[in-house]
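# Examining the three-dimensional arrangement
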Amino acid sequence: MAAERASGRRGRRSVLALVLAAGALPACDPARGFLPLPPAATGPYRLAAGDEVRVTVFEEARLSGTFRVGDAGAISIPLLGPVPATGLTVSALREEIDREIKRRGFLDEPRTAVEVVAYRSVFVLGEVERGGAFAWQPGLTALAAVALAGGFSPRAVRDRLVIQRAAEGEARREYLAGRDAVLEPGDVLTVLERRF
């Protein structure tokens with residue numbers, strides 16, 4: 001009888017240990033695809049859908065304006081039509097616009113300036129006060145993005161965050177990150193719920 005009770009207690013302890021372990025695992029389960037963060041982006045910024053650029057064509061105001069990179073990956077400039085932009089740097093887009101201006105015969109030697117005026121958003125979800133889309137700026141950290149979302153909720157895991165990121169031409173992947181991780185435009189940051 002005593003042996004049965006001891007065996008039952010050991011069984012209940014094992015089940016309890018499994019339940020507690022299972023509650024802690026979702027944040028770091030390799031089967032869900034959590035990996036170390038990729039190295040920080042290097043090199044000049046590359047445009048993608050959702051970015052907004054200001055194009056100034058000197059001596060041809062009809063071709064100047066502010067344009068958003070559309071889902072198809074191009075900006076649509078009056079009189080020129082769609083100009084591919086996704087994956088290009090700002091200087092490469094300027095060269096592409098200059099080529100199109102010459103090809104259409106508007107100017108022989110166009111002088112064009114291109115600058116990013118609004119980057120695509122980052123998204124903050126999970127245990128924050130008010131999740132949503134927020135404007136990305138160079139150097140934006142996970143903690144700063146949480147601050148934009150009103151801070152951590154009382155149930156938040158504060159030292160491990162999940163970032164979903166899509167590399168160029170690849171599907172989104174999830175990464176486990178710390179508060180100092182630098183976000184990239186288009187990232188989805190999820191603050192996990194603490195298991196009590």
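This section reports on the structure supplied with the text. (Residues numbered from 1 in each chain as written. Predicted model: local features only at pLDDT ≥ 70, side-chain atom pairs only at ≥ 80, totals over all residues. Heavy atoms only, no water.)

### Examining the overall build of the chain
The condition that has to hold: The helix count covers DSSP runs of H or I at least four residues long, the strand count covers runs of E at least two residues long, and both are numbered beginning at the N terminus. Here the term buried applies to any residue with accessible area under 20% of the maximum for its type, exposed to any over 50%, and partly exposed to those in between, with areas from a 1.4 Å probe on protein chains only. In this description, contact between two residues means that some pair of their heavy atoms is separated by no more than 4.5 Å.
Secondary structure assignment for the chain yields three helices and 10 strands. Secondary structure elements of the chain occur, N-terminal to C-terminal, as α-β-β-β-β-α-β-β-β-α-β-β-β. Classification of the 196 residues of the chain by burial places 34% in the buried group. In the chain, of all internal contacts separated by at least 6 residues, the share reaching a separation of at least 24 is 53%.

### Notes on helix 2 (residues 90-104)
Under the convention used in this document: The span you would expect from a helix comes to 1.5 Å times its residue count less one. Here the arc refers to the directions that run from the helix axis out to each C-beta atom.
Its 15 residues give helix 2 an end-to-end C-alpha distance of 21 Å, which sits within 8% of 21 Å, the value for a rise of 1.5 Å per residue. Taken together, the buried positions of helix 2 are occupied by L93, I97, D98, E100 and I101. Looking straight down helix 2, one finds that the buried residues subtend no more than 165 degrees of arc, so they occupy a single side. For helix 2, the secondary structure elements touched by its buried residues are strand 1 (52-57), strand 3 (74-77), strand 4 (81-84) and strand 5 (112-118). The positive-phi residue at the C-terminal boundary of helix 2 is G105, with phi of around 80 degrees.

### What about the sheet that holds strand 7 (residues 132-135)?
Put simply, the rule is: Paired strands, as defined in this entry, are two strands with at least two bridges between them according to DSSP. In this analysis, axes come from line fits to C-alpha atoms, helices being fitted only over the stretch in contact, and the angle between any two N-to-C directions falls in the range 0 to 180 degrees.
Within the open sheet, the five strands sit side by side as 7-6-10-8-9. Their pairing is mixed. The open sheet has two edge strands, strand 7 and strand 9 (172-177), and neither has a second partner. Strand-to-strand twist in this sheet, taken as the mean axis angle between neighbours without regard to direction, amounts to 25 degrees. For strand 8 (residues 156-166) and strand 10 (residues 188-193), the ladder comprises five bridges, and the chain directions are antiparallel. Its bridge partner being in strand 10, I163 is matched across the sheet by L189.

### So, the packing of aromatic side chains
Using the following cut-off: Here is the rule: rings of Phe, Tyr and Trp (six-membered ring for Trp) pair when centre to centre is within 6.5 Å. Planes less than 30 degrees apart are stacked, more than 60 are edge-to-face, and the remainder are tilted.
By the definition in use, this model includes three aromatic pairs. Look at Y45 and Y119: their rings are 4.9 Å apart centre to centre, the planes differ by 90 degrees, and that puts the pair in the edge-to-face class. Highlighted residues: Y45 in the loop between helix 1 (2-24) and strand 1 and Y119 in the loop between strand 5 and strand 6 (121-126), separated in sequence by 74 residues. Judged by centre distance (5.8 Å) and plane angle (20 degrees), the ring pair of Y45 and W136 falls under stacked.

### Re the pairing of strand 7
Note that strand 6 and strand 7 share four bridges and pair antiparallel. Bridge pairing links F123 to A133 in strand 7. A loop of five residues connects strand 6 with strand 7, the two strands running antiparallel in sequence.

### What to know about unusual backbone geometry
Despite not being glycine, E59 shows a phi value in the positive range, around 70 degrees. Relative to the elements of secondary structure, E59 occurs in the loop between strand 1 and strand 2 (65-68). Classification of E59 by relative accessible area gives exposed; the value is 67%.

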